[in-house]
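Fold and contact review
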Amino acid sequence: MVGVFIRLKWRLLRNGVRRTRGNPVAVIGFIVAVIGSLVAAVVGSVVLVGLHGYWDEVARERILAVVCSGVVVGWWFGPFLTGGVDETVDPSRLVLLPLDRRQMRRGQIAAGLVGLAPLVVLTWSVAIAVGMGRSLVGLPVVVAACVLLPLAGLVGSRALATSLARLTRTRRGGDVAALVAAFGGALVFGALQLIRFVEPDDLDAVVRTLRWTPPGMAAAALELARDGAVLDAAWRLVPLAATVLVLGWLWARQLDRLLEDPAQLHGVAADATAADGMAIFAGARRFLPRSATGAAVAKELVYLRRSPGRRAALFAGTALGLVYVVIIVAQGDRSQRLAVLASPIAMLFSVQYASNQLGVDPSAFWLEVVTGPPARARWAGRQLLAAVNVVAPVVVAALAMGLLTGGWAEVVATLVATVAATPAIVGVGSLMSPVWVTPLPDSGNPFAANQSAGGNGCMAGVVAILFVGLIAVLVGPASLALRWALLESPAWAPAVAAVVVAVDATIWWGASRAATALIGAKETDVLAQLDARLNR
Amino acid sequence: MTATDPVPAAPAPPAVVVRGLTKVFDQKVAVAGIDLDVPSGSFFGLVGPNGAGKSTTMKMCTCLLRPDGGTAWVDGVEVWTDPAEAKRRMGALPDDLPLFERLSGGELLTFLGAFRGLPTPEVASRSAELLEVLGLADDAGVLVADYSTGMRKKLSLAAALLHAPRVVFLDEPFESVDPVSARAIQEVLALFRSGGGTVVLSSHVMDTVERLCDHLAIVHEGRIVATGAIEAVRDGRRLEDVFIEAVGGPTSVGDQLHWLA
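As a starting point, this report considers the structure included with it.

Rules and cut-offs
- Residues numbered from 1 in each chain as written.
- Chains lettered and ligands numbered in written order.
- Predicted model: local features only at pLDDT ≥ 70, side-chain atom pairs only at ≥ 80, totals over all residues.
- Heavy atoms only, no water.
- Helix = DSSP H or I, 4+ residues; strand = E, 2+ residues; numbered from the N terminus.
- Buried < 20%, exposed > 50% of the residue type's maximum accessible area, 1.4 Å probe, protein only.
- Contact = heavy atoms within 4.5 Å.
- Areas by Shrake-Rupley, 256 points an atom, 1.4 Å probe, with all protein chains shown as cover.
- Axes fitted to C-alpha atoms, helices over the stretch in contact; angles between N-to-C directions.
- Parallel < 35°, antiparallel > 145°, perpendicular 65-115°, else oblique.
- Left-handed = near helix turned anticlockwise from the far one by under 90°.
- Nonpolar A, V, L, I, M, F, W, Y, C, P; charged D, E, K, R; others polar.
- Pairing = 2+ DSSP bridges.
- Expected span 1.5 Å × (residues − 1).
- Bend = angle between axes of the 7 residues up to and from the residue.
- Phe/Tyr/Trp six-rings, centres within 6.5 Å; stacked < 30°, edge-to-face > 60°.
- Core = buried A, V, L, I, M, F, W, Y, C linked by side-chain atoms within 4.5 Å.
- Salt bridge = Lys/Arg side-chain N within 4 Å of Asp/Glu carboxyl O.

Moving on: the overall build of chain B. Assigned secondary structure in chain B consists of nine helices and 10 strands. Burial status across chain B gives 52% buried among its 261 residues. In chain B, once contacts between residues fewer than 6 apart in sequence are set aside, the share between residues at least 24 apart is 66%. Total accessible area on chain B stands at roughly 11,700 Å², and carbon and sulfur atoms take up 54% of it.

Have a look at this one:
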């Protein structure tokens, strides 16, 4: 049965690649993902094989602690960052098969070891075994550590995905799940950024902390086993083995519950506000115009409340942005002012909602196509969602930086400049959206987050970077001028603000009009990219 | 004919005209140059085996899929030249396409009505009536995500009819629908036709087509192999027999599957 799961996963991957044919964007994304994985596997393996004798003792300690911890925590949260959770993990697809729980678990673990990211981790594990397997006596412990590390990552990832799938049944649970995934992702991201920026000597404090965690203790076990201290080494592997057992138990328990009631994977319980069927214009939305544009805005506001996917994206974007700003500010000697003024960088992780506005709600785009709404309505709701995703991370980051540094004047200047620039950012995003469309999943079910299949996730990132570059050129100078005027020359501020607002409004107006013309010409192409079922 | 004889009324132009419609996926020809005339006010069945090209044809007629060749007119409007006007005149119920899962049924109709430019009070009253007739009134406040397949089908039909189009395209409208709901749908469609509307329905359930439709076309391997008034196509035989003859008989079991016996 294990072989069947492996073949299933392999076939799913292969078919995912086959489906990229004829879609240059997906092909590029896939190629980038393959090359990136190969580079990571080769470079990482060279470094880790070098543990055999190339690195000195201090460097070896650092490398092992960081790699062992990174493998485990990265595997836990990586799939949520990249949308890489695969279909073989989804119990609802397997529930009708005559598989006992043991077969299911073994099969899912085996399937989890197939793929680009698992290939990288397994290659590293083998490289660690080669690098650290110097003593015949200690070899069994080294091998055990190299098996336990990916296993802890894999079982933890499965446990997390399955738990989140159950949690997302309710709105509150969905929010908890979104927070767990968002802040876990931020943790991994922050750690990766720290490794990149921090000087090797500064790592010692981190390494000392990591060595108290189960993966860090496994790193210590590897060193001891290398030197032949087998008993000491074996004891240090116990916490990691216990972690695997506890996570395995948790996963099995959640899996059993899902298998008993697979319907828990689907749908979100109706909330009380939906009791009035005509309530799209209810509550605060009653002030919206009763028009196509008003309806589009109302729908986005409803979705912001009800869609775990939207909230997860907003939480994750905000958390990651904040971590990024903190990391940048932590580098070198930055003044208070620069610390706060750096906060617009926080929009980096949610900006895909601005540059990929048509990729949101991809499966229901056909309704818009057959309905043929007025041009303004096409963008109104999408631009609102994009604006929220652009502004929210900056507000959180600026306030956090203000609290840390006390630079409240800079906070005000940053927020004013961001709000002024937002229309231009979302307008340019609307213009880019029909050109590079990537479907984004809208689901609280983590098993449905498979947008990375076929390199889509990677390509979405590349497009977002291009977009950031474009708005830096178009909007950056005016925004900087406004912040300069507010902080350095308040007398000029009203005049500069008027010019900046006019410039940004003009960019928004022109870009939105161009986007409207473009979507009219490309509507069916966009639809075909968003929903493959329509194209067969 | 003398000068005093009344001039007979000109026949109504077809509600849907399709000429040379073609679609190729990779190297597979899904629709191979279909020509079709759907009489105005008719209940037109588009039948064919799985993969014959029915759904693809419907998607190309409803602006969901751009054809590689040929074109279609709906209520006199060329679909791919003036899609906005064509969309005003037609409604569509594609097979198994997702809706906005996190709107309630009522909210979805309100949203789509607004997108079509209908006044809100009008949308509210039409939605309420459609939901009532289709048996969804009690579930108007339930999220679409929690609707059953049949309920989604009925909601999609309500969405297709909300703006009172001249032509509706329905892809397998009775699939997954219980008999009571199916009857309700038939009554709604009969009412729609009585007002001059045209229904184009795809199905591979011959009984349904035979009972409901007055015209049909049999599609096989992307081509029309028979079309016309249903009585003329049947020519006194059962529609199922005509259909099987047109698309080729079933593969004989022969001595295979003996392990099932």
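Structure shown, so let's carry the discussion forward.
In this section: the packing of helix H3 (residues 105-115) of chain B against helix H4 (residues 120-133) of chain B. Axis angle and axis distance: for two packed helices, these are the angle between their axes and the distance between the axes, and together they describe the pair. Residue and element names in this part refer to chain B. As a packed pair, H3 and H4 sit with axes 10 Å apart at the nearest point and diverge in direction by 135°. Considering their axes alone, H3 and H4 lie oblique with respect to each other. Every pair of crossing elements has a handedness; the one defined by H3 and H4 is right-handed. Contacts from Gly106, Leu109, Thr110, Gly113 and Ala114 in H3 reach Val123, Ser127 and Leu131 in H4. For the contact of H3 with H4, a count of residues per class yields four nonpolar, four polar and no charged.

Our next topic: the side chain of A:Ser37. Residues and elements named next belong to chain A. By the element assignment, Ser37 lies in helix H2 (residues 24-49). You can call Ser37 buried: its relative accessible area is 15%. For Ser37, the residues in contact, after removing those within four places along its chain, are Leu116 and Val120.

Quick look at the pairing of strand E3 (residues 43-47) of chain B now. Residue and element names in this part refer to chain B. Within E3, five of the five residues are buried, which leaves it mostly tucked inside the rest of the structure. Side chains of E3 alternate between two faces, with Phe43, Gly45 and Val47 and Phe44 and Leu46 buried alike. Note that E3 and strand E8 (residues 198-203) share five bridges and pair parallel. For Phe44, the partnering residue across the bridge sits in E8 and is Val200. Examined bridge by bridge, E3 and strand E9 (residues 215-220) share four bridges and lie parallel to one another. Considered in E9, the bridge of Phe44 is made with His215.

Taking 1.5 Å of rise per residue, 38 residues should cover 56 Å, yet helix H20 (residues 493-530) of chain A covers just 44 Å from first to last C-alpha, more than 12% shy of that figure. Of all the bends found along H20(A), the most pronounced is centred on A:Lys522 and spans about 70°.

For the rest of this paragraph, the subject is the sheet that holds strand E1 (residues 16-25) of chain B. All names here are of chain B. Across the sheet, four strands lie side by side as E2-E1-E4-E5; this open sheet has antiparallel pairing. Edge positions in the sheet fall to strand E2 (28-38) and strand E5 (77-78), since each has one partner strand and no second. The sheet contact formed by E1 and E2 spans eight bridges and is antiparallel. The residue of E2 that forms the bridge with Val24 is Val29. Against the sheet, helix H1 (residues 54-61) contacts E1, E2 and strand E4 (69-74), and its axis sits at roughly 115° relative to E1.

Residue and element names in this part refer to chain B. Counted according to the given criterion, the structure contains three aromatic pairs over all chains. Judged by centre distance (5.4 Å) and plane angle (90°), the rings of Phe100 and Phe111 are edge-to-face. Residue Phe100 is found in the loop between strand E6 (90-93) and H3, and its partner Phe111 is found in helix H3; the two are separated by 11 residues along the sequence. The class of Phe100 is buried, set by a relative accessible area of 6%. Owing to a relative accessible area of 3%, Phe111 belongs among the buried residues under this scheme. Ring geometry for Phe111 and Phe115: centres 4.4 Å apart, planes at 40°, overall tilted. Separated by four residues within a single helix, Phe111 and Phe115 lie in helix H3, roughly one turn from each other.

A few words now on the nonpolar core. B:Leu155 and B:Phe169 are the most contacted members of the largest nonpolar core, which totals 110 residues. Core analysis: the second largest hydrophobic core is formed by 30 residues, A:Met132, A:Val142, A:Cys146 and A:Ala219 among them.

With that out of the way, let us pick up the pattern of salt bridges. All names here are of chain B. A complete count under the given rule lists 20 salt bridges over all chains for this structure. A salt bridge links Arg193 to Asp214; the nearest nitrogen and oxygen atoms lie 2.7 Å apart. Remark: Asp214 occurs in the loop between helix H7 (206-212) and E9 and Arg193 occurs in helix H6 (residues 179-194); sequence separation between them is 21 residues. For Arg193, a relative accessible area of 27% gives the class partly exposed.

What follows concerns the sheet that holds E6(B). Residue and element names in this part refer to chain B. In spatial order, the strands read E6-E7-E8-E3-E9-E10; together these six strands make up an open sheet with mixed pairing. One side of each edge strand has no neighbouring strand; the edge strands of this open sheet are E6 and strand E10 (223-229). Strand-to-strand, the axes of this sheet are offset by a mean angle of 15°, without reference to chain direction. On the sheet, helix H5 (residues 149-161) packs against E6 and strand E7 (167-171) and is oriented at approximately 170° with respect to E6.

Moving on to the environment of A:Ala111. Structurally, the position occupied by A:Ala111 is in helix H4 (residues 101-112). In sequence terms A:Ala111 and A:Arg7 are 104 residues apart; their C-alpha atoms lie 8.1 Å from each other.

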